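# Coordinate inspection notes
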Amino acid sequence: MPDEVKPNVNEAPTHEAQLAAESIASGEEKAPTVDFDADYAAAQKFSVSEIDRTAEGGAAAESATAPKYQTSKPQETRTQTQSTGNPDDFIQLAKEVGNSQAGDATNVSDDLVKQALEKGERKN
């Protein structure tokens, strides 16, 4: 069902649009009509090309979107941690890490990381 376009002279973004709106308002020109349903149906015809509807088009699309390189599949790894149940194991390390008096982020040195790794290895 066609809809009639009703231009507003005050809302025209350009001078040409304003002149066209005035001409339509005065009756010099006929107001254009728009059939949204027909336009939508026509757009649907153009949304898929004729070759895409054939097997040849499907093969072309598949080859165009196929990956160019082989990728390895990720392997799932599971890590199981064992709780020692003894909080004293890491109290000294926590004190060293939490030494910041100003509340700023602490600097983690290589030695501190090494100590943490050693303490973690002793329990396993």
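Just above, that's the structure.
Residues numbered from 1 in each chain as written. Predicted model: local features only at pLDDT ≥ 70, side-chain atom pairs only at ≥ 80, totals over all residues. Heavy atoms only, no water.

### Focus: the overall build of the protein chain
A tally of regular secondary structure across the protein chain gives five helices and two strands. The secondary structure elements of the protein chain, listed N-terminal to C-terminal, are β-α-β-α-α-α-α. Taking all 124 residues of the protein chain together, 6% fall into the buried category. If you take every contact in the protein chain between residues at least 6 apart in sequence, the share linking residues at least 24 apart comes to 50%. Of the roughly 11,500 Å² of accessible surface on the protein chain, 51% is carried by carbon and sulfur atoms. (Helix = DSSP H or I, 4+ residues; strand = E, 2+ residues; numbered from the N terminus. Buried < 20%, exposed > 50% of the residue type's maximum accessible area, 1.4 Å probe, protein only. Contact = heavy atoms within 4.5 Å. Areas by Shrake-Rupley, 256 points an atom, 1.4 Å probe, with all protein chains shown as cover.)

### With respect to a nonpolar patch on the surface
On the surface, a nonpolar cluster with roughly 270 Å² of combined accessible area is contributed by Val108, Val113 and Leu117. Positionally, Val108 belongs in the loop between helix 4 (91–97) and helix 5 (110–123). (Patch = residues over 30% accessible without salt bridge, like charges linked within 9 Å, V, L, I, M, F, W, Y side chains within 5 Å. Salt bridge = Lys/Arg side-chain N within 4 Å of Asp/Glu carboxyl O.)

### Thoughts on the pattern of salt bridges
This model, assessed by the stated rule, comprises one salt bridge. We note a salt bridge from Glu76 to Arg78, for which the minimum N-O separation is 3.3 Å. Of the residues examined, Arg78 reaches a relative accessible area of 72% and is grouped as exposed.

### Focus: the side chain of Ser23
Within the fold, Ser23 resides in helix 1 (residues 15–26). The contact partners of Ser23, leaving out residues within four places of it in the chain, are Glu28 and Glu29.

### Observations concerning the side chain of Lys119
As for its position among the elements, Lys119 is in helix 5. For Lys119, a relative accessible area of 16% puts it in the buried group. Among residues more than four places away in sequence, those in contact with Lys119 are Asp89, Phe90, Gln92 and Leu93.

### Section: the environment of Leu93
Mapped onto the elements of the fold, Leu93 is located in helix 4. For the pair Leu93 and Gln115, spaced 22 residues apart in the sequence, the C-alpha separation amounts to 7.9 Å. Not counting residues up to four positions away in its chain, the partners in contact with Leu93 are Leu112, Gln115, Ala116 and Lys119.

Take it as geometry only, folks, not as evidence of what the structure does.
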